[in-house]
Amino acid sequence: MQVAELELDDGGALRPGPGSPPVTHGEVFLLVRRGGRPVATLLGRVPEGADPRAVLTALARRHVGAGPEALPTGVTVPFTSVVIATRERADRLAHALDSMLAQDHPDFEIVVVDNAPVTDATRVLVERKYAERVRYVTEPLPGLAVAHNTGLAAARGDVVAFTDDDVVADPRWLTELTAPFAADPGLGCATGLILPARLRTPAQVLLESHGGFAKGFTPRTYDPAGPPADEPLFPFTAGRFGSGANMAFRTGVLRAVGGFDPATGAGTLARGGDDLYGFVRVLARGHRLHYTPRALVWHHHRETWQDLETQAYGYGAGLTAYLTAILVNRPALLPAFLARLPRGLAHARTLTAVRDAEGAASVAGAEGVPGGHDDRRHPWPRRLSLLQRKGMVYGPVGYLRARRALRAASRGSAMSGASEVSGDVR
C-alpha cells in the first residue's frame, strides 16, 4: 500500500510519504492537509492510467471539511529540549535528526541518549555530522525509561519533548506540540499525531488497521478536575492519550513526579508502558494533558510478521506493567483502580478480540481507514489476540522482575565503582 499526503488548499499538491516512492496506480493511504495542517486520513484507489492527484483530490473533497484555524500570530513557544533515545540504529537516527533540524520552532535543543551502546556508531554519527546542533550523552543501563530519564536530567528546556529514532517529524511538529504549554499554564503534558511512514508489508498494514499509534484528528484536553464522561476508565486507559514517539512534558512537572519508572519501557523485562506511566503520573498530580493532531510525526512501523507478534505481546505486557508500576508507586490510586476494574477487564477483552476477515467491516472509502483509533473493525488474527492476552498476564511479573534486575544492576555498578574494578555490569 502506498502512503501519500495531499494539500487540499493552494492547488492540491500531492507528495509521497517519507520513505515512500512517488504515487502511482493502486491502493493509497492518504493524509489530507488544509493549510499545511493534518485534517484526515483516507484510503483510496487510483485506477491504472488515471491521474493520482485528480483521483485523490476528488476523494478528499468528498469526505473532508474545512481545516482547523491557524495558530494565532505572535504565539511564544517555550524553549524546548528534544530527547531521542537510541540504540544501535544510526541509519534511522540520521533521518530523525535531519527532520529535527528542519523544525520551524525558534528555540530548541536536541539531546541524543545512546542507550547501552555496544558500538560507537551513534557517537561517531553525532560527532561527525551533528556536533554543532546535537548533544550526545550515554546511558549504560538498558531500557527506554532509563534513557528518557537521562535525557530529562540533561534537558535545559522549559518543556521536554520525546520522540523515537525511527520517526520523521513534520517541519511544524515541535511548534504545534509545544504551543499548548504557552496557552495553558496548568498543562503538564501534550501528545500528537503518529502516522505510518510507509505501509509496504501486510504486517505494517495490519498494525495500522488495528489502530496503530493514531489518536484521531480531534484535539482534546484531559483534565483530572473534570474527568471525561465518555472515559469511564479515566485515567487508567492512558493509551488513548497518546504514545511515546510523540509526547512532551513541562520539564518541572515531569521531574516533580520522578520522571519515568525505570523498570518500564522497551529494553526491560516489562516490555513497555513507560509513556503511559508518565501520562498517568502527571494527571494524578492534577495537571492537564492535551492531544493535538497538528503535531505530526511519521513512524517507520516494523515490517515482518515476527516483529508484529513481538509487538502484540509487548503491547499487552506494557499495559499491565504500567498499571502495576502506577499502583506500586502511587498506592493511593488503588481504590480508584479497583472501582474501574470490571469495566477495565471488559475493555481489555474488546481491545484484544479476535476478528476474522468476514466479520470485519470493509476498509473502503472513509470508513475504517488504517490509522483510525479504536475502530476495532479490522481483521485481528487469533494468534495476535492470544499474544496480547498472554502479554497482559505476564506484565505485572515482568515489571517486578525488571525492578529486581534494576536494583541488582545498580548494586553491581556501585560495587564496581567502589572497588575500581572495570567490567560489564549490565
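What counts and what doesn't
- Residues numbered from 1 in each chain as written.
- Predicted model: local features only at pLDDT ≥ 70, side-chain atom pairs only at ≥ 80, totals over all residues.
- Heavy atoms only, no water.
- Helix = DSSP H or I, 4+ residues; strand = E, 2+ residues; numbered from the N terminus.
- Buried < 20%, exposed > 50% of the residue type's maximum accessible area, 1.4 Å probe, protein only.
- Contact = heavy atoms within 4.5 Å.
- Areas by Shrake-Rupley, 256 points an atom, 1.4 Å probe, with all protein chains shown as cover.
- Axes fitted to C-alpha atoms, helices over the stretch in contact; angles between N-to-C directions.
- Parallel < 35°, antiparallel > 145°, perpendicular 65-115°, else oblique.
- Left-handed = near helix turned anticlockwise from the far one by under 90°.
- Nonpolar A, V, L, I, M, F, W, Y, C, P; charged D, E, K, R; others polar.
- Salt bridge = Lys/Arg side-chain N within 4 Å of Asp/Glu carboxyl O.
- Pairing = 2+ DSSP bridges.
- Phe/Tyr/Trp six-rings, centres within 6.5 Å; stacked < 30°, edge-to-face > 60°.
- Patch = residues over 30% accessible without salt bridge, like charges linked within 9 Å, V, L, I, M, F, W, Y side chains within 5 Å.
- Lys, Arg positive; Asp, Glu negative; His and termini not counted.
- Charge placed at Lys NZ, Arg CZ, Asp CG, Glu CD.

### Quick look at the overall build of the protein chain
Part 1 of the argument: Scanning the protein chain from N- to C-terminus turns up 11 helices and 13 strands.
Part 2 of the argument: When the 426 residues of the protein chain are sorted by exposure, 53% land in the buried category.
Part 3 of the argument: Sequence-distant contacts in the protein chain: of pairs separated by 6 or more residues, those separated by 24 or more amount to 77%.
Part 4 of the argument: A total of about 18,000 Å² of accessible surface is found on the protein chain, and carbon and sulfur atoms cover 55% of it.

### Thoughts on unusual backbone geometry
Part 1 of the argument: The omega torsion across F234 and P235 is 0 degrees, close enough to zero to call that bond cis.
Part 2 of the argument: Take P235: it is sitting in the loop between strand 11 (220–222) and strand 12 (246–250).
Part 3 of the argument: At E88, a residue that is not glycine, the phi angle is positive and equals roughly 60 degrees.
Part 4 of the argument: Here R271, not a glycine, exhibits a phi torsion of approximately 80 degrees, which is positive.
Part 5 of the argument: One can find R271 in the loop between helix 7 (251–256) and helix 8 (274–284).
Part 6 of the argument: Residue classification places R271 among the partly exposed positions, given a relative accessible area of 33%.

### Some points on the packing of helix 6 (residues 202–209) against helix 9 (residues 305–329)
Part 1 of the argument: Two elements in contact, helix 6 and helix 9, have axes separated by 8 Å at closest approach and are oriented at 25 degrees. It follows from the interaxial angle that helix 6 and helix 9 lie roughly parallel. Here the hand of the crossing between helix 6 and helix 9 comes out right-handed. Here helix 6 contributes A203, L206 and L207 to the contact with helix 9, which in turn contributes W305, L308, Q311 and Y315.
Part 2 of the argument: Of the residues in the contact of helix 6 with helix 9, the class split is 6 nonpolar, 1 polar and no charged.

### A closer look at the pattern of salt bridges
Part 1 of the argument: Overall, the coordinates contain 22 salt bridges when judged by the stated rule.
Part 2 of the argument: Across the pair E309 and R383 runs a salt bridge whose closest N-O atoms are separated by 2.5 Å. Taken together, the positions of E309 in helix 9 and R383 in helix 11 (residues 382–419) put the pair 74 residues apart, joining distant regions of the chain.
Part 3 of the argument: Residue classification places R383 among the partly exposed residues on the basis of a relative accessible area of 47%.

### Re the sheet that holds strand 4 (residues 37–46)
Hydrogen bonding along the main chain pairs the strands of a sheet, whether they run parallel or antiparallel.
Part 1 of the argument: Strand order in the open sheet made by the 4 strands is 2-1-3-4, with mixed pairing throughout. Edge positions in the sheet fall to strand 2 (14–16) and strand 4, since each of these pairs with one other strand and no more. Taken pair by pair, the neighbouring strands of this sheet meet at an average axis angle of 30 degrees, ignoring direction.
Part 2 of the argument: Pairing between strand 1 (residues 2–7) and strand 3 (residues 26–34): 6 bridges, direction parallel.

### Structural notes on the pairing of strand 4
Part 1 of the argument: For strand 4, a buried count of 9 out of 10 residues is recorded, marking the element as mostly surrounded by other parts of the structure.
Part 2 of the argument: Here strand 3 pairs with strand 4 via 9 bridges, running antiparallel. The residue of strand 4 that forms the bridge with R33 is P38.
Part 3 of the argument: With antiparallel pairing between neighbouring strands as the criterion, strand 3 and strand 4 make up a hairpin whose turn holds 2 residues, including G35 at a positive phi of roughly 60 degrees.

### Notes on the packing of helix 8 against helix 9
Part 1 of the argument: It is the contact of helix 8 with helix 9, at a shortest axis distance of 9 Å, that shows an interaxial angle of 40 degrees. It follows from the interaxial angle that helix 8 and helix 9 lie oblique. As for how helix 8 packs across helix 9, the hand of that crossing is right-handed. Contacts from L276, Y277, V280 and R281 of helix 8 reach helix 9 at Y322, A325, I326 and N329.
Part 2 of the argument: Residues that form the contact of helix 8 with helix 9 fall into these classes: 6 nonpolar, 1 polar and 1 charged.

### Here we look at the side chain of H300
Part 1 of the argument: Examined against the element boundaries, H300 turns out to sit in the loop between strand 13 (288–299) and helix 9.
Part 2 of the argument: Here H300 is in contact with P18, R92, D166, V168, A197 and R198, once residues within four sequence places are set aside.

### Some remarks on the packing of aromatic side chains
Part 1 of the argument: Under the defined criterion, the tally for this structure stands at 9 aromatic pairs.
Part 2 of the argument: Taking the centre distance of 5.3 Å and the plane angle of 85 degrees together, the rings of F162 and F260 count as edge-to-face. Here F162, found in strand 8 (residues 159–163), pairs with F260, found in the loop between helix 7 and helix 8; they are 98 residues apart in sequence, far enough to count as distant. Each member of the pair, F162 as well as F260, carries the same accessibility label: buried.
Part 3 of the argument: Between Y222 and F234, the aromatic rings sit 6.3 Å apart at their centres with planes inclined by 10 degrees, giving stacked as the arrangement.

### Details of a positive patch on the surface
Part 1 of the argument: Taken together, the side chains of R401, R404, R407 and R411 define a basic patch exposed on the protein surface.
Part 2 of the argument: Here R411 lies in helix 11.

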